[in-house]
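Working through the structure, step by step
Chain residues, written in single-letter form:
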Amino acid sequence: MTQKVATRDAYGDALVNLGKKRDDVVVLDADLSGSTKTAKFAKVFPERFFNIGIAEQDMMGTAAGLAIAGKLPFVSTFAVFATGRAWEQIRQSICYPNMNVKVVASHAGVTVGEDGGSHQSVEDIAVMRVIPNMTVIVPADGVETQQAIDAVAEYKGPCYVRVGRNKTPVLFNADYQFKIGKAHVFHEGKDAAIIATGIMVAEALVARDMLKAEGIDAGVINMSTIKPLDTGAVLSAAKRCGAIVTAEEHSIIGGLGGAVAETLAESTPVPLVRIGVKDTFGTSGDSDGLLKHYGLSAGDIAAAVKEVIKKKR
Amino acid sequence: MAATKEQIKTLEDKARRMRIDILKTLAGCGSGHTGGSLSATDIVAALYFYKMKYDPNKPQWKDRDSFILSKGHAAPLLYTALAHAGFFEHTELCTLRKLGSRLQGHPDSKYLPGIEISTGSLGQGLSVANGIALAHKLDKSPSRVYALLGDGELQEGQIWEAAMTAAHYKLDNLCALVDNNGLQIDGPVAKVMGVEPITDKWRAFGWEVFDISGHNMAEITAALDRAETVKGKPTMIVCRTVKGKGSSVFEGKVEFHGTTPSKEELEIALKELAEAKC
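These numbers come from a predicted model, not from an experiment. (Residues numbered from 1 in each chain as written. Chains lettered and ligands numbered in written order. Predicted model: local features only at pLDDT ≥ 70, side-chain atom pairs only at ≥ 80, totals over all residues.)

**Let's talk about the overall build of chain B**
Rule in force here: Only DSSP runs of H or I reaching four residues or more are called helices, and only runs of E reaching two or more are called strands; each is numbered from the N terminus. Both definitions apply: the radius of gyration is a C-alpha atom measure, and the globule rule equals 2.2 Å times residues to the power 0.38. With C-beta atoms placed from the backbone, a residue is labelled by how many other C-beta atoms lie within 10 Å of its own: buried for 20 or more, exposed for 12 or fewer, partly exposed between the two. Residues are treated as contacting if the C-beta atoms built from their backbones sit within 7 Å of each other.
Within chain B, the secondary structure is distributed over ten helices and seven strands. Computed over its C-alpha atoms, the radius of gyration of chain B comes to 17 Å, within 12% of the 19 Å expected for a compact globule of 278 residues. Principal-axis analysis of the C-alpha atoms places the extent of chain B at approximately 50 × 45 × 40 Å. When burial is assessed residue by residue, chain B has 53% of its 278 residues classed as buried. Sequence-distant contacts, at least 24 apart, represent 76% of the contacts inside chain B between residues at least 6 apart.

**Quick word on the packing of helix α3 (residues 41-51) of chain B against helix α9 (residues 217-227) of chain B**
Between two packed helices, what matters for the description is the angle formed by their axes and the separation of those axes. Residues and elements named next belong to chain B. The following threshold applies: Axis definition: a line fit to C-alpha positions, over the contact stretch in the case of helices; interaxial angles, taken between N-to-C directions, run 0 to 180 degrees. If an angle is under 35 degrees, it is roughly parallel; if it is over 145, roughly antiparallel; if it lies from 65 to 115, roughly perpendicular; otherwise it is oblique. Should the near helix be turned counterclockwise from the far one by less than a right angle, the crossing is left-handed, whereas a clockwise turn marks it as right-handed. Ten residues, namely Ala, Val, Leu, Ile, Met, Phe, Trp, Tyr, Cys and Pro, are considered nonpolar, four, namely Asp, Glu, Lys and Arg, are considered charged, and the remaining ones, Gly among them, are considered polar.
Where α3 meets α9, the axes come as close as 10 Å, and the angle between the chain directions of the two elements is 55°. When the axis of α3 is compared with that of α9, the two are oblique. Handedness of the crossing formed by α3 with α9: right-handed. Within the contact between the two elements, α3 uses D42, I43, A46, Y50 and K51 and α9 uses M217, I220, T221 and L224. Of the residues in the contact of α3 with α9, the class split is six nonpolar, one polar and two charged.

**Re the packing of helix α1 (residues 7-21) of chain A against helix α8 (residues 142-154) of chain A**
Residue and element names in this part refer to chain A. Where α1 contacts α8, the axes come no closer than 8 Å and their chain directions differ by 40°. The angle between the axes of α1 and α8 places the two elements in the oblique class. Viewed along their axes, α1 and α8 form a crossing whose handedness is right-handed. Here T7, D9, A10, Y11, D13, A14, L15 and L18 of α1 lie close against α8, whose contacting residues are G142, T145, Q146, I149, D150 and A153. The residue inventory of the contact of α1 with α8, partitioned by class, reads seven nonpolar, four polar and three charged.

**Notes on the sheet that holds strand β3 (residues 174-180) of chain B**
Residue and element names in this part refer to chain B. Operational definition: In this analysis, strands are considered paired if DSSP registers two or more bridges between them.
Strand order in the open sheet formed by five strands is β1-β2-β3-β7-β6, with parallel pairing between adjacent strands. Looking along the sheet, the strands with just one partner apiece sit at the ends: β1 (66-69) and β6 (208-213). Across the sheet, the axes of successive neighbouring strands diverge by a mean angle of 20°, strand direction being ignored. Across the sheet, α9 touches β3, β6 and β7 (235-240), and the angle it forms with β6 is around 170°.

**Structural notes on the nonpolar core**
Residues and elements named next belong to chain A. Stated formally: Joining buried Ala, Val, Leu, Ile, Met, Phe, Trp, Tyr and Cys residues through C-beta atoms within 7 Å gives a set, and that set is a nonpolar core. Domain boundaries shown here were taken from an automatic or database domain assignment.
In this structure, I194, I195, I244, V245, I301 and V305 are the most contacted members of the largest nonpolar core, which totals 194 residues. For this core, the two domains that each supply at least three residues are domain 1 (4-169) and domain 2 (184-310). When residues no more than four places from it in sequence are discounted, the contact partners of V245 are A192, I194, V273, I275, I301, A304, V305 and V308.

**Focus on α8(A)**
Residue and element names in this part refer to chain A. Condition: Each residue after the first adds 1.5 Å to the expected span of a helix.
Along its 13 residues, α8 runs 19 Å from first to last C-alpha, staying within 8% of the 18 Å computed at 1.5 Å per residue. Within α8, eleven of the 13 residues are buried, which leaves it mostly tucked inside the rest of the structure. Those residues of α8 not exposed but buried are G142, V143, E144, T145, Q146, Q147, A148, I149, A151, V152 and A153. Residues of α8 that are buried sit in contact with β1 (4-6), α1, β4 (72-76), β5 (102-105), β6 (135-137) and β7 (159-162).

**Let's talk about the interface of chain B and chain A**
Contact residues are listed per partner, giving 22 residues for chain B and 24 residues for chain A. Mapped by element, the contributors of at least two residues to the side of chain B that touches chain A are α5 (125-138) and α6 (157-168) of chain B. With ten residues, the single largest contributor to the side of chain B that touches chain A is α5(B). The residue inventory of the side of chain B that touches chain A, partitioned by class, reads nine nonpolar, ten polar and three charged.

**Focus: the domain arrangement of chain A**
Residue and element names in this part refer to chain A. One can read the domain layout of chain A as domain 1 (4-169) and domain 2 (184-310). Taken over C-alpha atoms, the centre of domain 1 sits 25 Å from the centre of domain 2. Of all the secondary-structure elements, those providing two or more residues to the side of domain 1 that touches domain 2 are α7 (124-129), β6, α8 and β8 (167-169). When the residues that make up the side of domain 1 that touches domain 2 are grouped by side-chain class, the tally is twelve nonpolar, ten polar and five charged.

**Quick notes on the confidence of the model for chain B**
This is how the line gets drawn: pLDDT: the predictor's confidence for each residue, scored from 0 to 100.
On average, residues of chain B carry a pLDDT of 97, and 99% of them reach 70 or more. Interface scoring of the predicted complex returns ipTM 0.97; its pTM is 0.97.

**Regarding the sheet that holds strand β9 (residues 184-187) of chain A**
Residues and elements named next belong to chain A. Pairing within the open sheet is mixed, and its five strands lie in the order β9-β11-β10-β13-β14. Lying at the two open borders of the sheet, with one neighbouring strand each, are β9 and β14 (272-277). Neighbour-to-neighbour, the strand axes of this sheet turn through a mean angle of 20°, independent of strand direction. Sheet analysis places β9 next to strand β11 (residues 218-222), joined by three bridges and oriented antiparallel. Looking at β11, one finds that V185 is bridged to I221.

**With respect to the environment of A:A247**
Residues and elements named next belong to chain A. Among the structural elements, A247 can be located in strand β13 (residues 244-251). For A247, a count of 30 C-beta atoms within 10 Å puts it in the buried group. The spatial distance from the C-alpha of A247 to the C-alpha of G276 is 6.0 Å, given a sequence separation of 29 residues.

**Considerations on the environment of B:R203**
Within the secondary structure, B:R203 sits in helix α8 (residues 198-204). Distance in space between the C-alpha atoms of B:R203 and B:M236 is 8.7 Å, their sequence separation being 33 residues.

**Thoughts on the pairing of β14(A)**
Residue and element names in this part refer to chain A. Spelled out, the test is: For crossovers, right-handed means that the path from the first strand over the helix to the second runs clockwise, given strands pointing away from the viewer.
Taken across its six residues, β14 has six buried, putting it largely inside the fold. Both β13 and β14 contribute to a ladder of five bridges, which runs parallel. The partner of A247 across the bridge, within β14, is I275. For the crossover that starts at β13, traverses helix α11 (residues 256-267) and ends in the parallel β14, the hand is right-handed.

**A closer look at the environment of A:D141**
Residues and elements named next belong to chain A. Position of D141 among the secondary structure elements: in the loop between β6 and α8. Separated by 137 residues in the primary sequence, D141 and K4 place their C-alpha atoms 8.6 Å from one another. The contact partners of D141, leaving out residues within four places of it in the chain, are V5, T7, T168, P169, V170, L171 and F172.

Listed below in structure tokens is the structure:
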């Protein structure tokens with residue numbers, strides 16, 4: 001039985017570790033600290049935790065001010081509120097002046113589940129990716145989340161890190177080394193490559209096993225940094241396999257699929273199929289049911305691989 | 001502790017000379033915000049040349065006081081203050097809004113030392129000021145934070161979020177000021193979207209509030225002094241001002257919110273400001 005950890009839990013633990021190592025770390029939340037897991041930090045370092053109340057716009061500006069005064073602020077709320085409600089504050093007060101603020105948003109994607117479409121962010125990667133100076137990271141599991149938090153703390157500049165609500169399989173050993181802007185190749189593959197991000201990496205690995213039984217060798221690449229995109233990894237997968245499937249728990253517009261499509265179209269056009277939410281909002285339901293409903297399951301990825309192979313000349 | 005008569009006189013003359021530089025800069029540039037730069041000149045002169053501690057040779061000096069121009073369109077005023085304070089040469093003022101200039105249309109902290117944060121999109125500066133003030137509290141630093149808001153800017157919801165945060169965290173190291181000139185781009189603030197009673201609103205949000213003339217240097221300096229004595233809550237100084245203050249050409253004229261003087265208008269204004277020298 002694979003161990004399962006929610007990336008938001010890993011985030012909360014990573015914050016506590018970071019807080020022990022660095023006095024300058026401060027954490028802000030907008031009344032969702034129990035859900036985003038920043039409450040773990042608040043419990044250990046109450047004087048360095050600021051609950052701003054249900055006021056995401058103010059929270060982003062406050063974080064920028066803390067950064068001006070030499071603090072390292074981590075700002076958390078649900079992805080839909082962080083990147084939607086406070087988008088312009090992130091643009092004007094954080095990215096435009098290139099402030100050292102880390103926005104770590106939880107409850108991303110449709111697997112938020114029962115709360116429904118109002119709370120399911122399927123646009124956040126796209127709207128964060130488009131802002132200059134912003135780095136965008138979507139960790140695939142708990143191990144990578146912990147390392148990504150350490151990495152963004154070392155990196156100087158605005159970062160957006162997307163974590164999820166549900167427990168998902170742990171894919172990496174403790175000796176894994178995350179690097180911003182570097183994809184991790186699980187399997188190189190031969191017939192097609194699946195480039196996945198976030199919780200979809202685990203689905204992609206299951207899809208690979210399903211395809212293997214049918215004699216198809218599908219590569220699996222974990223693209224945990226969406227921006228800057230590891231274009232080298234994308235292009236070498238395109239050259240090696242001649243066909244790409246992207247998989248993300250996000251709209252097929254503007255996210256990983258968009259970024260990969262832009263990269264391929266400009267230099268190595270190969271057939272591409274994008275797995276993601278197809279320009280629609282989320283809805284209430286259980287998370288497994290929702291993954292199937294929106295065509296985001298391992299079976300859907302496997303079917304997309306077969307489809308993209310047929311498009312190869 | 002109060003400003004001496006001599007200090008007041010010096011500050012008044014400083015503001016007068018700043019207005020001359022603002023107008024020359026704006027006229028030379030041909031675009032920019034005249035009215036809201038002139039209405040707040042006395043306030044900013046008092047901050048930079050009476051109250052705040054800073055080192056133009058070390059803009060990032062840890063113990064500095066901070067100034068956030070939340071109404072970022074008054075950039076010509078901020079640039080003029082920074083030039084007078086010695087952050088850069090006066091000659092650079094004429095590069096305002098030109099390609100490659102550090103003096104962007106709205107303040108940009110990426111380029112110009114002395115600017116704490118880029119502003120321009122209204123409603124965001126008070127939150128930033130709160131963040132700096134919170135950090136000073138954590139560090140037990142005596143440094144203070146000042147934020148200048150426009151009265152039209154009070155229409156932004158984020159201002160009131162920040163108003164709650166400052167009171168909640170008892171940020172008595174924060175002093176905000178409203179440049180209450182009563183005019184915004186589309187017309188009188190009262191007609192576009194009323195914000196009065198301003199003082200009652202801030203009091204209700206838990207702030208210490210002073211209501212002063214924003215053109216009376218004795219009142220401005222006294223209010224800034226008093227703000228330092230307030231404990232356990234932030235201070236708001238509502239400064240009643242005249243848009244375009246300093247010359248009959250601009251005073252109270254909404255059309256000068258976002259436009260600059262012609263050559264003839266500049267001549268009249270400079271003459272009036274020269275005659276105002278006491």
